[in-house]
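Survey of secondary and tertiary structure
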Amino acid sequence: MANFKDSPHFDIHDDYYTRKQTWEQIIPYLPNDKIYWEFCSLKSNGQSIKNLQELGLNVKGSVTHDYLKDPDMEADILITNPPFDKAIKIPILEKLAASEKPFVIIMNSTNIFTKYFQRIFGGKDIKFIYPSTKIHYDKYDKGEFVESKNNTSFYSIYVVYNIPTITQNLFI
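This one's a predicted model, so the numbers in the text were calculated from it and none came from an experiment. (Residues numbered from 1 in each chain as written. Predicted model: local features only at pLDDT ≥ 70, side-chain atom pairs only at ≥ 80, totals over all residues. Heavy atoms only, no water.)

**Description of the pairing of strand β2 (residues 35-38)**
As paired strands, β2 and strand β3 (residues 58-61) are joined by 4 bridges and run parallel to one another. Within β3, the position partnered with Ile-35 by the bridge is Asn-58. Relative to strand β4 (residues 77-80), β2 is paired through 3 bridges, and the arrangement is parallel. Across the sheet, Trp-37 pairs through a bridge with Leu-78, a residue of β4. (Pairing = 2+ DSSP bridges. Helix = DSSP H or I, 4+ residues; strand = E, 2+ residues; numbered from the N terminus.)

And the structure:
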């Protein structure tokens, strides 16, 4: 059996973005009378904000707003795909947990088994939405589209907290 320590080191590339069809999968489960905030759009091209708006959600967002440093925007529900880099992701998860605000985030499914995830969200009524297929992402470099990646090596899930229309784990 191989271990990660035996594999070559790969640099983290956080310029992968959520496709419109990924958000489209969960739209039927989200309340459409709420204000959403796509809060991890810093340094992005804002495509996720546009995609969510095109899918009918009332979404706020900004490509210059730093969720970890700037005051929170007024919104009912937070929604995003946080960066893969743990140095950024863990503080984001900690702020999410402390805020008690409802949220929907997309994450690599192995995150839910980590000590940091259990430390941050232990005791909270977290729900999961498990898609029936892998979620794939679009690769960008310096804000420019490079390619649609259809060979994601990991499974992603939707992590949900305090969304009134999602009362149990879902398989979609």
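**So, the sheet that holds strand β8 (residues 144-148)**
In sheet architecture, strand pairing relies on hydrogen bonds along the backbone and comes in two forms, parallel and antiparallel. On the basis of which strands lie adjacent, the open sheet formed by 3 strands has the order β1-β7-β8 and antiparallel pairing. This sheet does not close on itself; its edge strands, each paired only once, are β1 (16-18) and β8. Each neighbouring strand pair of the sheet contributes to a mean axis angle of 40°, computed without reference to strand direction. The pairing of strand β7 (residues 137-141) with β8 spans 4 bridges and is antiparallel. Across the sheet, residue Tyr-140 finds its bridge partner in β8, namely Phe-145. (Axes fitted to C-alpha atoms, helices over the stretch in contact; angles between N-to-C directions.)

**Structural notes on the nonpolar core**
Looking at soluble globular proteins, one finds that nonpolar side chains tend to be buried together. Ranked by size, the top nonpolar core spans 24 residues in total, and within it Phe-39, Leu-93, Phe-103, Phe-117 and Val-159 carry the most contacts. The set of elements that each furnish at least two residues to this core consists of α3 (86-99), β5 (103-108), α4 (115-121), β6 (126-130) and β9 (156-161). Top element by residues in this core is α3. It accounts for 5 residues. In this view, Phe-39 contacts Tyr-67, Leu-78, Ile-79, Thr-80, Ile-92, Leu-96 and Ile-105; residues no more than four positions away in its chain are not counted. Counting 22 residues, the second-largest nonpolar core is a separate cluster that includes Ile-49, Leu-55, Ile-79 and Ile-106. (Core = buried A, V, L, I, M, F, W, Y, C linked by side-chain atoms within 4.5 Å. Buried < 20%, exposed > 50% of the residue type's maximum accessible area, 1.4 Å probe, protein only. Contact = heavy atoms within 4.5 Å.)

**Comments concerning the pattern of salt bridges**
All chains considered together, the criterion is met by 6 salt bridges. A salt bridge links Lys-20 to Glu-54; the shortest N-O distance between them is 2.7 Å. With a gap of 34 residues between them, Lys-20 in helix α1 (residues 20-24) and Glu-54 in helix α2 (residues 47-54) connect regions that are remote in the sequence. By relative accessible area, Lys-20 is classed as partly exposed at 30%. Between Arg-119 and Glu-94 there is a salt bridge, with the nearest N and O atoms lying 3.0 Å from each other. Highlighted residues: Arg-119 in helix α4 and Glu-94 in helix α3, separated in sequence by 25 residues. Residue classification places Arg-119 among the exposed positions, given a relative accessible area of 54%. (Salt bridge = Lys/Arg side-chain N within 4 Å of Asp/Glu carboxyl O.)

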